[in-house]
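Chain by chain, the residues run as shown.
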2 protein chains.
Amino acid sequence: MAEIELGITADMHVHLRDGKMMELVAPTVREGGVSIAYIMPNLVPPVTTIDRVVEYKKLLQALAPKTTFLMSFYLCKELTPELINEAAKLGAIQGVKCYPAGVTTNSAAGVDPNDFSSFYGIFKAMEENNLVLNLHGERPPSKDEDIHVLNAEPKFLPALIKLSQDFPNLKIILEHCTTKAAIDTVRSLHKENPNCKVAATITAHHLYLTIDSWAGNPINFCKPVAKLPEDLRALVDAATSGEPYFFFGSDSAPHPIESKARHVGVCAGVFTQSHAIAYVAEIFHAAGKLENIKKFVSDNGVAFYGLSSDDVISKDTVVLVERENYVPEIIGNDTLKVVPFRAGEKLRYAVEWRS
Amino acid sequence: MAEIELGITADMHVHLRDGKMMELVAPTVREGGVSIAYIMPNLVPPVTTIDRVVEYKKLLQALAPKTTFLMSFYLCKELTPELINEAAKLGAIQGVKCYPAGVTTNSAAGVDPNDFSSFYGIFKAMEENNLVLNLHGERPPSKDEDIHVLNAEPKFLPALIKLSQDFPNLKIILEHCTTKAAIDTVRSLHKENPNCKVAATITAHHLYLTIDSWAGNPINFCKPVAKLPEDLRALVDAATSGEPYFFFGSDSAPHPIESKARHVGVCAGVFTQSHAIAYVAEIFHAAGKLENIKKFVSDNGVAFYGLSSDDVISKDTVVLVERENYVPEIIGNDTLKVVPFRAGEKLRYAVEWRS
């Protein structure tokens, strides 16, 4: 049986929510084969203080003692450079997540990507403290400017380029990128500047889906939406390339099934946490690129965040094994049910933990 | 109060289903302000015989005695030129609907638009009998050919052009067109050939929706899907232009709410029948083109089908009146509920019938 040693795996974009949903999904980080999880701050209200981020991490750690949680603030006008300095010195956060207002779940408190200038003091403090800026890279929908779910990411790319020029030493991640235009832009930035600090995360589900996958199947509806076949090919090419600035961030985003099976107001998000590494492995297998999977799900993300083994709670490593792995129809219990990505389907790989 | 005389209105693309759904929606044709309805044949099994089309029309007529029903066959290999000749001579059908296999609700028995040649005998018989060919103008989805919900209609247009060249005297309708490319193609065919027999229907909902409208709102999901803002603008421009080859076909397609509020396998279709003319009027009002609405919802379609007053069961006419008109949240009863387009919203116009 083929086995591939993946080392200390990392999922650099994880939604674990709070309350009952958190209790359900926090343990699935490890079940899915992930050692290090970078946690999104879009709770209601958003996570913007040291007290809350410490408290949130404590709750998560109690639910998943072997998982290493990296924490983040939600970029908004309540943040100050002083707060960033203090949070960084305490090691309370590893980065700050920027949501353009209104683009996805719990983003109402977000910012206007046309005008990042009011946050430049924050970005400077982040740069000095080696924190990561995590960008949800979409312009908000606008009828006046013809911005819609398909071009919202390409239309955001000029803002990414400008930020990378204005803060050449700030580590910036274009999160859950979904378009060939985004992949091309990240590569182009690195070609122009070998010291470029811009990276991109790619989800598991965006390595499978196109627009046809969510048309009529709300379970596959997420933001950014999955795009066209040429975009899918570009994402698979980038993920499997081994290039150091592309790495895994699942953007696994659980919602109760009631929030997905609706005729209006379906929540955006695909839940992949429980089988995260297995979903990715399937794609690398199909692409004939399994030799690069460790870079994508372990090495590249860990290196970009500058993590050392001291930062990792459990030294257990992950091994990918070729073995039938059925995705259940539902994850949950009598009162809370989440439908996982590719529910009911058979995957080719599973994960094992080695101490 | 402003009133606009619309005469004998026509909706040239109507799904009335069968059984309980037919009983619910057949009366809504008149409620929506439509006198003449061209009925789609995609029942299960599809309508392909004279007996069935006569029986179907009889059922509809009993439910809606004042509505004029124009009937159609479902294009498939069971049809023969002899059958077409006979059906035409009996006046049993006014046209034949062509569904590419697999593109929408109940299209499994459809044809391959890459190869219409096996139907050329049928088309010739239709041309001789002055019947209309109603095209669902989408190529089926194909990973190999990168055909997806966004380009399925543009990719079909070469087949439309070829048919119009091979059968210059066959009346062809590109049904429920959704793209600027389709509008441009129809106009271009008429520019090249003033005797061109190609027309296009436009729905009410495609005069409102874009991709963002159905992303996360399955109630607005239909096939062909609503496209981009530039497509919407082209459709509104064509519908309100008064050009004789653009007219109204609602493609109103009722589904029980259970078939729309699902996390997978949402049925494609938007139900607009009950407020059909009012939805359209709102768009003409906003475009400042109310002077052309009669052409779109009455004159152009009636002229294209070559109907005379003898073909119309009731001589009652429709008047558009400016009056608050609330769309209900649900149309139906305890056992069958359909959510109408723009449920719960207020429309600016209503219809009245005049004897």
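Bear in mind that the values here come from a model prediction, so they are computed numbers and not experimental data. (Residues numbered from 1 in each chain as written. Chains lettered and ligands numbered in written order. Predicted model: local features only at pLDDT ≥ 70, side-chain atom pairs only at ≥ 80, totals over all residues. Heavy atoms only, no water.)

On to the pairing of strand 8 (residues 171-175) of chain B. Residue and element names in this part refer to chain B. Strand 8 sits mainly inside the fold: five of its five residues count as buried. Here strand 8 shows a buried face lined by K171, I173 and E175 and a second buried face lined by I172 and L174. Taken together, the five bridges between strand 7 (residues 132-136) and strand 8 define a ladder with parallel strand orientation. The residue of strand 8 that forms the bridge with L135 is L174. Taking the sense of rotation as the criterion, the β-α-β connection linking strand 7, helix 6 (residues 157-166) and strand 8 turns out right-handed. Handedness of the crossover joining strand 8 and strand 9 (residues 198-202) through helix 7 (residues 180-192) is recorded here as right-handed. (Buried < 20%, exposed > 50% of the residue type's maximum accessible area, 1.4 Å probe, protein only. Helix = DSSP H or I, 4+ residues; strand = E, 2+ residues; numbered from the N terminus. Pairing = 2+ DSSP bridges. Right-handed = clockwise from strand over helix to strand, strands pointing away.)

With that settled, the discussion passes to the packing of helix 6 (residues 152-166) of chain A against helix 7 (residues 180-192) of chain A. Residues and elements named next belong to chain A. Two numbers describe how helix 6 lies on helix 7: the axes approach to 10 Å, and their chain directions differ by 15°. By the angle between their axes, helix 6 is roughly parallel relative to helix 7. For the pair helix 6 and helix 7, the crossing hand works out as right-handed. Residues E153, P154, L157, L160, I161 and S164 of helix 6 pack against A181, A182, T185 and L189 of helix 7. When its residues are assigned to classes, the contact of helix 6 with helix 7 shows seven nonpolar, two polar and one charged. (Axes fitted to C-alpha atoms, helices over the stretch in contact; angles between N-to-C directions. Parallel < 35°, antiparallel > 145°, perpendicular 65-115°, else oblique. Left-handed = near helix turned anticlockwise from the far one by under 90°. Contact = heavy atoms within 4.5 Å. Nonpolar A, V, L, I, M, F, W, Y, C, P; charged D, E, K, R; others polar.)

In this section: the relation of the copies chain A and chain B. Placing chain A over chain B gives an RMSD of 0.0 Å and needs a rotation angle of 180°, together with 0.0 Å of translation along the axis. On this basis, the relationship between the two copies can be described by a two-fold rotation axis. When C-alpha positions in chain A are compared against the rotation axis, the closest is assigned to A261 of chain A, at 2.6 Å. Mapped onto chain B, 100% of the interface residues of chain A are again interface residues, and the two copies thus contact each other with one and the same surface. (Least-squares fit on C-alpha atoms with pLDDT ≥ 70 in both.)

The next subject is the interface of chain A and chain B. Each partner contributes to the interface: chain A provides 27 residues, whereas chain B provides 27 residues. When the two sides are added together, the surface that chain A and chain B hide from each other amounts to roughly 2,200 Å², 67% of it contributed by carbon and sulfur. Considering only the surface of chain A that becomes buried against chain B, H148, D212 and H263 of chain A emerge as the three largest contributors, covering 25% of it. In this structure, the salt-bridge partner of D146 of chain A is R233 of chain B, at a minimum N-O distance of 2.8 Å. For the interface between chain A and chain B, the tally reads twelve residue pairs in polar contact (both at pLDDT 80 or more). For the side of chain A that touches chain B, the secondary-structure elements that each account for two or more residues are helix 8 (211-214), helix 9 (229-240) and helix 10 (257-260) of chain A. A total of three residues in the side of chain A that touches chain B trace back to one element, the largest contributor, which is helix 8 of chain A. When its residues are assigned to classes, the side of chain A that touches chain B shows 17 nonpolar, five polar and five charged. (Buried area = accessible area lost by both parts, 1.4 Å probe. Salt bridge = Lys/Arg side-chain N within 4 Å of Asp/Glu carboxyl O. Polar contact = N/O pair within 3.5 Å; in protein donor to acceptor, adjacent residues only side chain to side chain.)

What follows covers helix 9 of chain A. Residue and element names in this part refer to chain A. Counted at 1.5 Å a residue, the expected span for helix 9 with its twelve residues is 16 Å, and the 17 Å between its end C-alpha atoms agrees. With nine of twelve residues buried, helix 9 lies mostly within the body of the structure. Where helix 9 is buried, its residues meet helix 7, strand 9 (198-202), strand 10 (246-248), helix 11 (276-286) and helix 12 (293-305). Of the residues one or two after helix 9, G242 is the one with positive phi, at around 85°. (Expected span 1.5 Å × (residues − 1).)

Turning next to the UniProt feature "domain: Amidohydrolase-related" (unreviewed entry) in chain A. Under the UniProt annotation, "domain: Amidohydrolase-related" (unreviewed entry) lies at residues 65-178 of chain A. With 30% helix and 16% strand, residues 65-178 of chain A has its two end C-alpha atoms placed 33 Å apart. (UniProt positions renumbered as here; feature names shortened; annotations may be inferred.)

For the rest of this paragraph, the subject is the packing of aromatic side chains. All names here are of chain A. This model, assessed by the stated rule, comprises 33 aromatic pairs over all chains. For the pair W214 and F221, a centre-to-centre distance of 5.9 Å together with 45° between the ring planes defines the contact as tilted. Exposure class is identical for W214 and F221. Each is buried. The ring centre of W353 lies 3.8 Å from the NZ or CZ of R30, which sits over that ring. Residue placement shows K171 over the ring face of F304; its charged tip is 5.8 Å from the ring centre. (Phe/Tyr/Trp six-rings, centres within 6.5 Å; stacked < 30°, edge-to-face > 60°. Lys NZ or Arg CZ within 6 Å of the ring centre and 35° of its normal.)

Further remarks concern the environment of T9 of chain B. Residue and element names in this part refer to chain B. Positionally, T9 belongs in the loop between strand 1 (3-7) and strand 2 (10-14). Residue class for T9 comes out buried when judged on its relative accessible area of 0%. For the pair T9 and E23, spaced 14 residues apart in sequence, the C-alpha separation works out to 22 Å. Sequence-distant contacts of T9, that is, excluding residues within four places in its chain, are made with G33, V34, S35, I36, I277, V297, S298 and V318. One polar contact links the side chain of T9 to the main-chain carbonyl oxygen of G33, over a distance of 2.7 Å. For T9, the side chain forms a polar contact with the main-chain nitrogen of S35, separated by 3.0 Å.

As a further point, take the sheet that holds strand 11 (residues 317-326) of chain B. Residues and elements named next belong to chain B. The antiparallel open sheet is built from three strands, whose spatial order is 1-11-14. With one partner strand each, in any of the chains shown, strand 1 and strand 14 (346-354) form the two edges of the open sheet. The mean angle between the axes of side-by-side strands here comes to 40°, regardless of whether they run parallel or antiparallel. Pairing of strand 1 with strand 11 involves four bridges; the strand directions are antiparallel. Bridge assignment links G7 to a residue of strand 11, and that residue is V318. Docked against the sheet, helix 11 (residues 276-286) engages strand 1, strand 11 and strand 14, running at close to 120° with respect to strand 14.

The next point concerns the pattern of salt bridges. Scanning the entire structure with this criterion turns up 34 salt bridges over all chains. A salt bridge links K124 of chain B to E128 of chain B, with the shortest nitrogen-to-oxygen separation between them at 3.0 Å. Note that K124 of chain B and E128 of chain B are positioned in helix 5 (residues 120-128) at a spacing of four residues, about one turn of the helix. Among the charged side chains, a salt-bridge network with shared partners connects E3, R323, E352 and R354 of chain A.

Let us look at the sheet that holds strand 2 of chain B. All names here are of chain B. Reading across from one edge, 2-3-4 is the order of the three strands in this open sheet, with parallel pairing throughout. The sheet is open, and its two edges are formed by strand 2 and strand 4 (68-70), each paired on a single side. Strand-to-strand, the axes of this sheet are offset by a mean angle of 25°, without reference to chain direction.

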